[in-house]
Amino acid sequence: MSNSHSDALVFFGATGDLAYKKIFPALQAMVKRGHLNAPVIGVAKAGWNLDQLRARAQDSLEKHGGLDAAAFATLSGLLRYVDGDYNDPATFQAIRKELGTAQRPAHYLAIPPLLFGMVVEQLGKVGCTAKGARVIVEKPFGRDRASARQLNETLLGSFDEKAIFRIDHYLGKRPVHNLLFHRFANALLEPFWNRTHVESVQITMAEDFGVQGRGAFYDQVGAIRDVMQNHLFQVLANLAMEPPVRTDSESIRDEKVKVLRAIPEIEVANLVRGQFRGYRKEPGVAADSNTETFAAFKVEIDSWRWRGVAFYLRAGKCLPVTCTEILVRLRKPPTMYRGFELSPNHCRLRISPDIAFAMAMNVMAPGSETESRAAEIVGSQHPCANEMDAYERVLGDAMEGDATLFAREDYVEEAWRIVDPVLKAHTPVYEYEPGTWGPNEVGARVMPCGGWHDPVVTKET
């Protein structure tokens, strides 16, 4: 273990759904790769003991991760458990005891943000926030810019900015992370990756399912807060940022913040919110809810590279497919082939469910010299069985102290600045039928030149 690696993981919220579905599988995978050999101290108020936590972890792996007997035996030996109220000093004294000689603990707060202040304050009182300690916090990081600033002030009262790791697990997905490598390790894209050649950029994150029993949570959040101002803005930043001078975390994050600073606040006229029919009947959802399950909006980046290029983002539930895809549509050339119906060239990047890179060009239609058609050259890759999961990657990086995949304070506040005005404007929410691409109003209000590209997912993918 290096001197920068955390020598213990304190996991608040260890009995919750996130732990059950995501974290225990990630921890087992870290053990299998030799990336975890430090104590993992679960903390919750559930009336449990260590054996019950171990049984929960085993059940989690059997249902969500695939139980590996040898790796689980090692993980089980690393597990510790503290049961207690987060408002009780005795809980944190017990955590301090379980930490033993650990000097560089990572405190993972998979708990509601309103508890952050209480937990961080109590950790400080028992000496668990000293130099070398880290704190890892889950999204959503606030509900708006003001609450994000308040959370930042709370955490910065006990930890340096470099010790705060704000998780956006989407950045842990290999294709999202690899967008930077794809752009800056190759010469193919850079010649046309600018306002001279690019007409518009579309980013679509579609899900063919609803809220899946999370109605009470989702009704307080909505699509913009849940995935757009975090997940999709990260994708946007990776697409639009300038080359960093180095590959260290601060150089990369500096360039991402510059992208967001160049984006004006979203205008009401450039936003459409939707709600799938039947959403208000979901358990936990208010009968008169105006929370959006779909949103589409347009932004522009006021920079030398991108001024005048429209960026269209949309995300939603109960859409026709589950897929995240980017379409970069190029400007038409001044061609002499006037009698042909030529389509704009485009570059298409698929992030999930499979990974694909495609270039579309006009070619002569087979058997004809007077007609053309658009054809794609496609390269694709399916996820490997042993590929690192998003949570495995971000937890491992946080314990190692690598902040590249985590949002910095200034980035978080800029992201909220962009969406805050339209969130507070109480714009209309239009109903749409499940299995469609959102409400009809999108076509009149937020429509790229040439129309939206609707991803197609075949059974083979």
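Quick note: structure is the one above.
Chemist: Hey, could you run me through the overall build of the protein chain in this one?
Modeler: Along its length, the protein chain carries 13 helices and 15 strands. Along the longest, intermediate and shortest principal axes, the C-alpha atoms of the protein chain span 80 × 50 × 40 Å. Buried residues in the protein chain amount to 52% of all 461 residues. By element, 51% of the accessible surface of the protein chain is carried by carbon and sulfur atoms, the whole surface being about 20700 Å². The average position of the 54 basic charges and that of the 57 acidic charges among the side chains of the protein chain differ by 1 Å.

Chemist: I'm lost on the packing of helix H1 (residues 17–32) against helix H2 (residues 50–65) in this one. Help?
Modeler: Each pair of packed helices can be summarised by the angle the axes make with each other and by the distance between the axes. Direction vectors running N to C along H1 and H2 enclose 80°, while the axes themselves pass 8 Å from each other. Classified by the angle between their axes, H1 and H2 sit roughly perpendicular to one another. Residue-level contacts link Asp-17, Ala-19, Tyr-20, Lys-21, Phe-24, Pro-25 and Gln-28 of H1 to Leu-53, Arg-56, Ala-57, Asp-59, Ser-60, Leu-61, Lys-63, His-64 and Gly-65 of H2.

Chemist: Can you walk me through the sheet that holds strand S12 (residues 346–352) in this structure?
Modeler: With mixed pairing, the nine strands of this open sheet are ordered in space as S14-S13-S12-S11-S7-S10-S9-S8-S15. Single-partner strands in this sheet number two, and they are strand S14 (372–381) and strand S15 (429–432). With strand direction ignored, the average angle separating the axes of adjacent strands in the sheet is 20°. With five bridges joining them, S12 and strand S13 (residues 355–364) adopt antiparallel strand pairing. The residue bridging Arg-348 from the neighbouring strand is Ala-358, located in S13. Of the strands in this sheet, strand S11 (323–330), S12, S13 and S14 are in contact with helix H7 (residues 174–184), which crosses S12 at around 145°.

Chemist: Help me out: how do you make sense of the state of the cysteines in this one?
Modeler: All chains considered together, the criterion is met by zero disulfides. With no disulfide of its own, Cys-323 lies 14 Å from the sulfur of Cys-347, the closest cysteine sulfur.

Chemist: So what exactly am I meant to see when it comes to a positive patch on the surface here?
Modeler: Together, Lys-21, Lys-22, Lys-173 and Arg-214 give the surface a local cluster of positive charge. With respect to the helices and strands, the residue Lys-173 is situated in the loop between strand S6 (164–166) and H7. What makes Lys-173 partly exposed here is its relative accessible area of 31%.

Chemist: Whenever I open this one, the pattern of salt bridges confuses me. Can you help?
Modeler: A side chain with one charge can pair with a side chain of the opposite charge if their charged atoms come near. Enumeration over the complete set of coordinates arrives at 29 salt bridges. Of the charged contacts, one joins Lys-317 and Glu-207 as a salt bridge, the two residues approaching to 2.7 Å between their closest N and O atoms. You can see Lys-317 sitting in the loop between strand S10 (310–316) and S11 and its partner Glu-207 sitting in the loop between strand S7 (198–206) and helix H8 (215–218), a full 110 residues away along the chain. You can call Lys-317 buried: its relative accessible area is 5%. By relative accessible area, Glu-207 is classed as buried at 17%. The partner of Arg-408 in a salt bridge is Glu-250, with the nearest N and O atoms 2.7 Å apart. Residue Arg-408 is found in the loop between helix H11 (390–400) and helix H12 (409–424), and its partner Glu-250 is found in helix H10 (residues 249–261); the two are separated by 158 residues along the sequence. The class for Arg-408 is buried, based on a relative accessible area of 10%. Look at the salt bridges and you will find they share partners, linking Glu-250, Arg-253, Asp-254, Arg-261, Arg-408 and Asp-410 into a network.

Conventions used here
Residues numbered from 1 in each chain as written. Predicted model: local features only at pLDDT ≥ 70, side-chain atom pairs only at ≥ 80, totals over all residues. Heavy atoms only, no water. Helix = DSSP H or I, 4+ residues; strand = E, 2+ residues; numbered from the N terminus. Buried < 20%, exposed > 50% of the residue type's maximum accessible area, 1.4 Å probe, protein only. Areas by Shrake-Rupley, 256 points an atom, 1.4 Å probe, with all protein chains shown as cover. Lys, Arg positive; Asp, Glu negative; His and termini not counted. Charge placed at Lys NZ, Arg CZ, Asp CG, Glu CD. Axes fitted to C-alpha atoms, helices over the stretch in contact; angles between N-to-C directions. Parallel < 35°, antiparallel > 145°, perpendicular 65-115°, else oblique. Contact = heavy atoms within 4.5 Å. Pairing = 2+ DSSP bridges. Disulfide = S-S within 2.5 Å. Patch = residues over 30% accessible without salt bridge, like charges linked within 9 Å, V, L, I, M, F, W, Y side chains within 5 Å. Salt bridge = Lys/Arg side-chain N within 4 Å of Asp/Glu carboxyl O.

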